[in-house]
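Coordinate analysis (summary)
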Amino acid sequence: MFKQYCPNEMEDHLKKYTQKLVSLVYPYIEVTFHEFTSEGFYDRSKAYGAIQRYLTTNSTTRAKRLKADMVRDSKSLVLSMDDREEIADEFKGIKVWWASNKNIPRTQVISFYGDEEKRYYKLKFHRRDREIVFGSYLNHVMDEGKAIEVKSRKRKLYTNNRNEQWAGRHRRTMWSSVVFDHPATFDTLAMEEKKKKEIMNDLITFTKSKDYYKKIGKSWKRGYLLFGPPGTGKSTMIAAMANLLEYDVYDLELTAVKDNTELRKLLIDTSNKSIIVIEDIDCSLDLTGQRKKKEEKDEEGDGKDPVSKKKKEDEEKSNESSKVTLSGLLNFIDGLWSACGGERIIVFTTNYVEKLDPALIRRGRMDKHIELSYCCFEAFKVLARNYLDLESHDLFETIGKLLEETKISPADVAENLMPKSDDEDAADACLANLIKAIEKAKEEAKVKAEEEEKEKERAKAEEEKKAKAEKEEKEKAEKEEKDKEKEQKSDEEVKEKKTAGEEVKENGG
Ligand SMILES: Nc1ncnc2c1ncn2[C@@H]1O[C@H](COP(=O)(O)OP(=O)(O)OP(=O)(O)O)[C@@H](O)[C@H]1O
Ligand SMILES: [Mg+2]
């Protein structure tokens with residue numbers, strides 16, 4: 001009725017004045033947080049998620065009606081307060097109220113997104129607390145909520161796709177992921193206890209040093225270089241690191257990265273609290289070799305008939321290798337872009353540390369160098385405890401002595417310790433097998449060393465022989481030269497004599 005007699009402008013005016021009037025007597029401010037914002041239809045609002053997590057764990061009065069939901073990427077059910085519940089929270093002496101609510105659509109539209117109800121949280125607080133709420137309380141809620149979310153989410157293992165798979169499509173597919181579920185921990189990792197503790201402390205200190213890094217003006221990241229022979233636990237240690245810190249893992253396959261620009265994009269697309277891994281860095285990037293190869297190809301391609309040229313180009317495209325350069329990689333680790341986001345650990349692994357460019361492994365790029373070496377007695381004891389539940393055994397002493405003299409990787413030791421049957425004396429059999437294996441390795445190493453020695457001697461003898469032959473050759477040549485000279489000289493003398501004789505003859509005649 002009111003609408004019928006009242007023009008639209010009038011209604012607006014009225015609304016405005018009533019709002020003003022209400023705000024005079026109603027001292028509260030209300031803020032709403034919608035589950036889906038207008039910008040990201042598919043994306044649940046990050047704020048909504050954080051508030052949801054925060055409210056179920058941190059509010060002072062607990063909600064009595066909860067609802068449970070399976071949220072994507074979460075380890076377990078997520079509890080949140082049910083619709084139309086209200087709870088209070090306190091922060092720095094102020095009181096705020098949170099209510100959960102939903103809008104039910106008035107029109108009967110069949111929605112593409114399924115549930116058309118729009119949920120939101122409403123925060124209510126007194127006008128005088130405005131500054132505290134906007135200045136610090138909301139940040140506090142977001143931080144706490146996100147921290148809870150990180151703790152309860154499933155961690156992911158990402159790997160980069162080849163360029164063709166994402167170019168032209170949505171950027172999100174640059175990395176594809178699976179749930180990260182590696183069971184390795186520092187407990188199960190076989191290495192000296194002291195070294196292990198040191199690495200763990202280093203990692204934990206890093207995660208707590210946000211303010212420190214800010215103070216010293218460094219971006220919050222840390223590089224580790226893991227080096228050592230195959231099967232000494234480099235990859236295992238990365239998994240243990242991720243499990244210790246509860247970080248995601250980005251396994252970067254450098255050969256699948258087209259160029260430096262793409263490398264940068266990949267970096268920007270990683271999230272905080274993550275470990276970026278580049279395995280076998282010495283193999284994945286043969287910098288000088290690659291560029292040379294490319295140039296050669298280009299030259300060959302010139303001047304051919306168009307058909308074969310086209311074919312050649314196609315071939316090149318299919319096995320085109322990465323154009324990532326050393327400088328691109330250095331920038332990736334340490335350049336300006338590496339500072340975006342933070343809380344990242346970059347791990348490189350290699351079997352040959354001496355092959356790497358010194359610029360790549362200097363501190364600042366790879367802050368901590370960790371050598372993983374062959375199995376020592378202490379490492380063996382960890383493996384024996386893990387694999388056989390053995391703390392001590394008669395054979396330990398023998399094994400300890402053998403390990404001191406032999407280079408055998410923890411992977412080989414572990415393989416021998418794996419029980420091959422479920423008999424009671426499986427442990428004895430395993431240890432006996434291990435001793436055999438170590439002795440075999442020792443024998444092999446000895447044979448190899450002898451062969452190498454022989455090879456060396458042979459090479460030396462050959463060298464000597466060669467040198468001798470060269471010397472003889474040289475001497476021979478010198479002798480020949482001398483003989484020649486002599487011959488020449490005598491020839492000349494004869495000639496001179498001859499001419500002298502003729503002159504005498506002439507004079508006499
Ligand atoms: N230090 C270790 N502690 C526990 N297990 C180990 C250790 N080293 C190796 N292993 C065992 O050996 C296997 C191979 O180890 P891993 O893959 O970590 O070696 P790696 O150093 O990464 O080798 P590569 O250089 O060939 O990549 C693992 O599955 C693990 O079970
Ligand atoms: Mg490995």
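Residues numbered from 1 in each chain as written. Chains lettered and ligands numbered in written order. Predicted model: local features only at pLDDT ≥ 70, side-chain atom pairs only at ≥ 80, totals over all residues. Heavy atoms only, no water.

In plain terms, the rule: UniProt positions are given in the numbering used here, feature names are shortened, and annotations may be inferred rather than shown by experiment.
By the naming in an unreviewed UniProt entry, the chain is AAA+ ATPase domain-containing protein, taken from Rhododendron griersonianum. Listed in UniProt under the heading Catalytic activity (unreviewed entry), the comment for the chain reads: "ATP + H2O = ADP + phosphate + H(+)". UniProt's Sequence similarities (unreviewed entry) comment on the chain is quoted here verbatim: "Belongs to the AAA ATPase family. BCS1 subfamily."

What to know about the layout of surface pockets
Put simply, the rule reads: Here the term cavity refers to a set of points on a 1 Å grid, laid over the protein atoms alone, in which a 1.4 Å probe fits but cannot get out; the term pocket refers to an open set having protein on both sides within 12 Å along at least five of seven lines, with lining residues being those that place an atom within 4 Å of a point. Grid points are joined across faces, edges and corners, and a volume is the space filled by probe spheres set on the points. Strands are runs of DSSP state E lasting at least two residues, helices are runs of H or I lasting at least four, and both sets are numbered from the N terminus onward. In this classification, Asp, Glu, Lys and Arg are treated as charged, Ala, Val, Leu, Ile, Met, Phe, Trp, Tyr, Cys and Pro as nonpolar, and every other residue, Gly included, as polar.
Estimated volume of the second largest pocket: approximately 390 Å³. Taken together, 13 residues form the lining of the second largest pocket, with Lys-407, Ile-408, Ala-441, Glu-444 and Ala-445 sitting closest to its centre. The leading source of residues in the lining of the second largest pocket is helix α18 (residues 426-508), at 8 residues. In the lining of the second largest pocket, the residues fall into 6 nonpolar, 1 polar and 6 charged.

Here's the deal with the sheet that holds strand β1 (residues 28-34)
Each strand in a sheet pairs with another by means of backbone hydrogen bonds, the pair being arranged parallel or else antiparallel. The test is simple: DSSP-based pairing: two strands are paired if at least 2 bridges between them are found. Lines are fitted to the C-alpha atoms to define the axes, a helix being fitted only along its stretch in contact, and any angle between axes, read from their N-to-C directions, falls within 0 to 180 degrees. Contact criterion: two residues are considered in contact whenever any of their non-hydrogen atoms come within 4.5 Å of each other.
Strand order in the open sheet formed by 4 strands is β1-β6-β5-β4, and the pairing between neighbours is antiparallel. At either margin of the open sheet sits one strand with a lone partner, and together these are β1 and β4 (86-91). Between one strand axis and the next, the sheet turns by 25° as a mean value, whatever way the strands run. Two strands pair when backbone bridges link them, and β1 and strand β6 (residues 118-126) are joined in this way by 7 bridges, in the antiparallel orientation. Its bridge partner lying in β6, Glu-30 is registered against Lys-124. This element, helix α3 (residues 46-58), spans β1, β4, β5 (94-103) and β6 of the sheet and lies at about 65° to β6.

So, the site of ligand 1
Quick reminder of the rule: Any residue with a heavy atom lying within 4 Å of a molecule or strand is counted as near it. Polar contact criterion, stated in full: a pair of N or O atoms within 3.5 Å, where within protein one must be able to donate a hydrogen and the other to accept it, and residues adjacent in sequence count only if both atoms are side-chain atoms. The Shrake-Rupley method, run with a 1.4 Å probe, gives the accessible areas here. Residue values count only the displayed protein chains as cover.
Inspection of the region around ligand 1 gives 15 residues, with Ala-190, Gly-231, Lys-234, Ser-235 and Thr-236 positioned closest. Between ligand 1 and the protein, one listed contact pairs an oxygen atom with a side-chain N or O atom of Asn-351 at 3.1 Å. Against a free-state accessible area of 620 Å², the protein chains account for coverage of 72% of ligand 1. For the shell around ligand 1, the secondary-structure elements that each account for two or more residues are α8 (234-245), α15 (377-388) and α17 (410-417). At 3 residues, α8 tops the list of elements feeding residues into the shell around ligand 1. Within the shell around ligand 1, the residues separate by chemical class into 7 nonpolar, 7 polar and 1 charged.

Here's the deal with the pattern of salt bridges
In plain terms, the rule: The term salt bridge refers to a pairing of a side-chain nitrogen on Lys or Arg with a carboxyl oxygen on Asp or Glu at a separation within 4 Å.
Enumeration according to the criterion identifies 17 salt bridges in this entry. Among the ionic contacts, a cluster of salt bridges with common partners joins Lys-221, Asp-334, Arg-362 and Arg-365.

Focus: empty space enclosed by the protein
Applying the stated rule across the entire model yields 2 cavities of 30 Å³ or more. Empty space within the largest cavity amounts to approximately 90 Å³. Lining the largest cavity we find 13 residues, and of these Ala-190, Met-191, Glu-192, Ser-373 and Tyr-374 sit closest to its centre. Residues that form the lining of the largest cavity fall into these classes: 8 nonpolar, 2 polar and 3 charged. Looking at the second largest cavity, its volume works out to about 30 Å³.

Details of the sheet that holds strand β8 (residues 175-179)
Pairing in this open sheet of 7 strands is mixed, and the strands run β8-β7-β10-β11-β12-β9-β13 from one edge to the other. Two strands bound the open sheet, and with one partner strand each, they are β8 and β13 (368-371). The sheet shows a mean angle of 20° between the axes of neighbouring strands, direction not considered. One ladder, built from 5 bridges, connects strand β11 (residues 274-278) with strand β12 (residues 344-350); its direction is parallel. Within the sheet, the bridge partner assigned to Ile-278 lies in β12 and is Phe-348. Sitting on the sheet, helix α6 (residues 193-207) is in contact with β9 (221-227), β12 and β13, with an inclination near 150° to β13.

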